[in-house]
Amino acid sequence: MRRRTLTAAALWGAAALTSLPLPAGADEAWPQKPIRLIVGFAPGGGADALTRIIADGLSKQLGQQVIVDNRPGADGVLAAQATSSAKPDGYTLLMGTNTAMVAAPTLRPTPPYDPFKAFTPISSAGQFSMFLVVPSTLPAKSVNELLALIAAKPGAYNSASSNSASELAMLQLLGDRKVVNARYKGDMQAMTDLLGGQVQMMFTTGTLAPAYVKDGRIRALVTLLPERSELLPDVPTGGELSLGKLTITPWAGFFGPPGMPQALTDRLSRELQNTLQRPEVRKQLAQQGFEGYGMSPEKFREFFRQQYDAFGATVREHNVKFE
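Keep in mind it's a predicted model, so treat the numbers as computed, not measured. Numbers given for residues are sequential positions, taken from 1 along each chain in its written order. Whole-chain, interface and lining totals are the exception, using all residues; otherwise, since this is a predicted model, local features are given only for residues with pLDDT of at least 70 and side-chain atom pairs are given and counted only at 80 or more. The side-chain figures draw on all heavy atoms in the structure; neither hydrogens nor water molecules are used.

1. Some thoughts on the pairing of strand 4 (residues 35-39)
Here is step 1 of the chain: With four of five residues buried, strand 4 lies mostly within the body of the structure.
Here is step 2 of the chain: With the strands pointing away from the viewer, any crossover whose connection runs clockwise from the first strand over the helix to the second is right-handed. Numbering of helices and strands runs from the N terminus, with a helix taken as a DSSP run of H or I at least four residues long and a strand as a DSSP run of E at least two residues long. What joins strand 4 to strand 5 (residues 66-70) is helix 1 (residues 46-62), and the crossover it makes is right-handed.
Here is step 3 of the chain: Strand pairing is assigned whenever DSSP identifies at least 2 bridges connecting the two strands. Inspection of the sheet shows strand 4 paired to strand 6 (residues 92-97) by four bridges, in the parallel sense. Counted as the bridge partner of Arg36 is Thr92 from strand 6. Summary of the burial criterion: residues with accessible area below 20% of their type's maximum are buried, those above 50% are exposed, and those between are partly exposed, where the area comes from a 1.4 Å probe applied to protein chains only.

2. Comments concerning the packing of aromatic side chains
Here is step 1 of the chain: The criterion for an aromatic pair is that two Phe, Tyr or Trp rings (for Trp, the six-membered ring) have centres within 6.5 Å, with stacked assigned to planes under 30 degrees apart, edge-to-face to planes over 60 apart and tilted to the rest. Scanning the model with the defined rule gives 12 aromatic pairs in all.
Here is step 2 of the chain: For the ring pair Phe255 and Phe300, a centre distance of 5.1 Å and an interplane angle of 55° mean the geometry is tilted. Here Phe300 lies in helix 10 (residues 297-317) and Phe255 lies in strand 13 (residues 251-256), a separation of 45 residues in the sequence. Exposure class is identical for Phe255 and Phe300. Each is buried.
Here is step 3 of the chain: With 5.2 Å between their ring centres and 70° between their planes, Phe255 and Phe304 make a pair best called edge-to-face. One end of the pair, Phe255, is in strand 13; the other, Phe304, is in helix 10, and 49 residues separate them in sequence.
Here is step 4 of the chain: Of the residues examined, Phe255 reaches a relative accessible area of 0% and is grouped as buried.

3. A closer look at empty space enclosed by the protein
Once rolled over the atoms, a probe with the size of a water molecule shows which space is left empty.
Here is step 1 of the chain: Approximately 190 Å³ is the volume attributed to the largest cavity.
Here is step 2 of the chain: Of the two site types, the cavity is a set of points on a 1 Å grid over the protein atoms alone where a 1.4 Å probe fits but cannot get out, and the pocket is an open set with protein on both sides within 12 Å along at least five of seven lines, each lined by residues with an atom within 4 Å of a point. Together, 20 residues line the largest cavity, and Phe41, Ala47, Asn163, Asp187 and Thr205 are the ones closest to its centre.
Here is step 3 of the chain: Classification used: nonpolar for Ala, Val, Leu, Ile, Met, Phe, Trp, Tyr, Cys and Pro, charged for Asp, Glu, Lys and Arg, polar for all others including Gly. Taken together, the residues of the lining of the largest cavity sort by class into nine nonpolar, 10 polar and one charged.
Here is step 4 of the chain: Grid points are joined across faces, edges and corners, and a volume is the space filled by probe spheres set on the points. Its volume calculated, the second largest cavity comes out at about 30 Å³.

Set out below in structure tokens:
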């Protein structure tokens, strides 16, 4: 864990059933061995849980094992780099989030990679639910009450995050209020410290929040979703609270190494889209507060570019910097 102070002056993420030959004259049909699906977060968190649900569904869809490979750290950059350097043969895929694919290349003075050259976009995965939560011991039952506490004692409160997207959402919420942020490798570690009182606020996913809210250990104050979540229907949206500046909506998608053949990319996209439509996958994802939906490679590439450009424009407009 490392600590960092967040500041901002005005701050504001029909399946093809026939075998597809591998490129370069390979004489075997894809897939003929296990597929590795890399995720840039630790086991137990929201991204890991969703990746495992999809991996299991894709295994059934393809009739081949899909192994989840956790590579936590550096905002998902380590996982992304491991994918980018792999062979473009369809056996190494990335569950990429807007943290690694948009935030890291946009916010870092020296971007770790050009996300449009270092990867092959395959399909969207969907959209995460995300909630601002505080421990039930904190005397704040609304966003306004939380902001009032922070304003009364600048620098006295700590926030937790496991990725840049959640940090930016917190920055958007806080404006020029000062809070000390603690960075973690995964949501579960951050939640442990929130429950223990070491930190007082965090944005977390629908994988973790509902159980702790229902047993009274934490309180959810707002969701980043455009509509209320069925998991926590009493939690208002930012729009309902007139928090127009709260615009971060975490998403996830599938990427491969650069240079993947178009036929293989198209086949993978169809298989992933059909996996997301499997009834058991849809049910499990919904239970995690994740809206799963796939896209063609072309539509996903367009969506990815729009997200990247919008994120970068917001960062530049409000001069967002991390100290």
